[in-house]
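A closer look at the structure
Here are the chains, one letter per residue:
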Amino acid sequence: MTKVIYQVSVLAALSLGSLTSLKAQNVEDQYEELTNKWLEVSLALKNYDGLSQFCQNPEFREYSITILRDLHHFDSVMIDFLHEPTTELLIGKKEYQKTLKDINNFEVKYSNQAFLDFLRESCITRNDLEKNKEELKKDIGMNSFDGQVLVLESGLSKYLKHIDKRILAIEKHMHMIHPDRIGLQLTSVTFND
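To start, this report covers the structure provided alongside it. Remember, predicted model here, so these are calculated numbers, not experimental data.

1. Things to note about the state of the cysteines
Inspection of the entire model under this criterion finds 1 disulfide. C55 shares a disulfide with C123; S-S distance 2.0 Å. Here the disulfide of C55 and C123 is left-handed, its torsion about the S-S bond being about -95 degrees. With C55 in helix α3 (residues 48–56) and C123 in helix α6 (residues 112–131), this pair connects stretches of sequence that are 68 residues apart. A residue is classified by how much of its surface remains accessible, and C55, at 18% relative accessible area, is buried.

What follows is the structure, given as structure tokens:
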């Protein structure tokens, strides 16, 4: 438990200046670095302590939201890039369609608002558990505090694994497309300074 809190605290401490170094990198490297940062956040959020940090620590919450927002921004730029008629892609039609499908799926089903709504509900559940902790500890099985925590963690893990899977798929597509080879620039990306 202490290790998880330490990891979450380290992530929160990185929140304000961590994304500024991405400006000097190419698009693929930026997306890969954001993907790695997201996977760290996702790992922390998949347990009760990480959720507690998200619910109670504004820096960690903002860090998590910023990373996902920036990943969505990259995806939006990639969609525009893929729809640009003058872009010459070195991928086939099937890969092109799969890329668009994966990005659209992520943008619609796992939008920033959907993420925030899910985590808001999870925080409400967590707060209710904390409020009734002493009473729930007297119960046994799934009705107990520990049982309810397991249910909450299971839901978090399932939801976040879906996001992780989509982000990793998009990263793979990006490495196949090589937008830097074509000169794609993300000058409109706004990072925390």
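Okay, back to it.
2. Side note on the packing of helix α4 (residues 58–83) against helix α5 (residues 93–109)
Taken N-terminus to C-terminus, the directions of α4 and α5 make an angle of 145 degrees; their axes are 10 Å apart at the nearest point. For the element pair α4 and α5, the recorded crossing hand is left-handed. For the pair α4 and α5, the contacting residues are L68, H72, D75, S76, M78, I79, L82 and H83 in the first and Y96, T99, L100, I103, N104, F106 and E107 in the second.

3. Some details on the environment of F54
The topology assignment puts F54 in helix α3. Given a relative accessible area of 4%, F54 falls into the buried group. For the pair F54 and V41, spaced 13 residues apart in sequence, the C-alpha separation works out to 9.7 Å. Contacts of F54, omitting those with residues within four sequence positions, involve L45, F60, R61, S64, I65, F115, L119 and C123.

4. Considerations on the packing of α4 against helix α8 (residues 145–177)
Angle between the axes and distance between the axes: these two values describe a pair of packed helices. Contact geometry of α4 with α8 gives a least axis separation of 12 Å together with a crossing angle of 40 degrees. On the basis of their axis angle, the class for α4 and α8 is oblique. Considering how the two elements wind past one another, α4 and α8 form a crossing that is left-handed. From α4, L68, L71, D75, M78, F81 and L82 reach across to α8, where they touch I163, I167, I170, M174 and I177. For the contact of α4 with α8, a count of residues per class yields 10 nonpolar, no polar and 1 charged.

5. Brief notes about the nonpolar core
Counting 43 residues, the largest nonpolar core has W38, L45, F54, F115, I163 and I167 as its most contacted members. Elements with a minimum of two residues in this core: α2 (27–45), α3, α4, α5, α6 and α8. With residues near it in sequence (within four places) discarded, F115 still touches W38, L45, F54, I65, L68, Y159, L160 and I163.

6. A closer look at the packing of aromatic side chains
Within this structure, the stated rule accounts for 6 aromatic pairs. For the ring pair Y48 and F145, a centre distance of 6.0 Å and an interplane angle of 85 degrees mean the geometry is edge-to-face. Within this pair, whereas Y48 is found in helix α3, its partner F145 is found in helix α8, the two being separated by 97 residues in sequence. Note on Y48: relative accessible area 9%, which makes it buried. Overall, F145 belongs to the buried group, its relative accessible area being 7%. Judged by centre distance (6.1 Å) and plane angle (80 degrees), the rings of F54 and F115 are edge-to-face. Note that F54 is positioned in helix α3 and F115 in helix α6, a separation of 61 residues in sequence. Look at F115 and you get buried, because its relative accessible area is 1%. Feature note: the residues W38, F54 and F115 constitute an aromatic cluster, connected by ring pairs.

The rules behind these values
- Residues numbered from 1 in each chain as written.
- Predicted model: local features only at pLDDT ≥ 70, side-chain atom pairs only at ≥ 80, totals over all residues.
- Heavy atoms only, no water.
- Disulfide = S-S within 2.5 Å.
- Helix = DSSP H or I, 4+ residues; strand = E, 2+ residues; numbered from the N terminus.
- Buried < 20%, exposed > 50% of the residue type's maximum accessible area, 1.4 Å probe, protein only.
- Axes fitted to C-alpha atoms, helices over the stretch in contact; angles between N-to-C directions.
- Left-handed = near helix turned anticlockwise from the far one by under 90°.
- Contact = heavy atoms within 4.5 Å.
- Parallel < 35°, antiparallel > 145°, perpendicular 65-115°, else oblique.
- Nonpolar A, V, L, I, M, F, W, Y, C, P; charged D, E, K, R; others polar.
- Core = buried A, V, L, I, M, F, W, Y, C linked by side-chain atoms within 4.5 Å.
- Phe/Tyr/Trp six-rings, centres within 6.5 Å; stacked < 30°, edge-to-face > 60°.

Any link to function would need more than the numbers given here.
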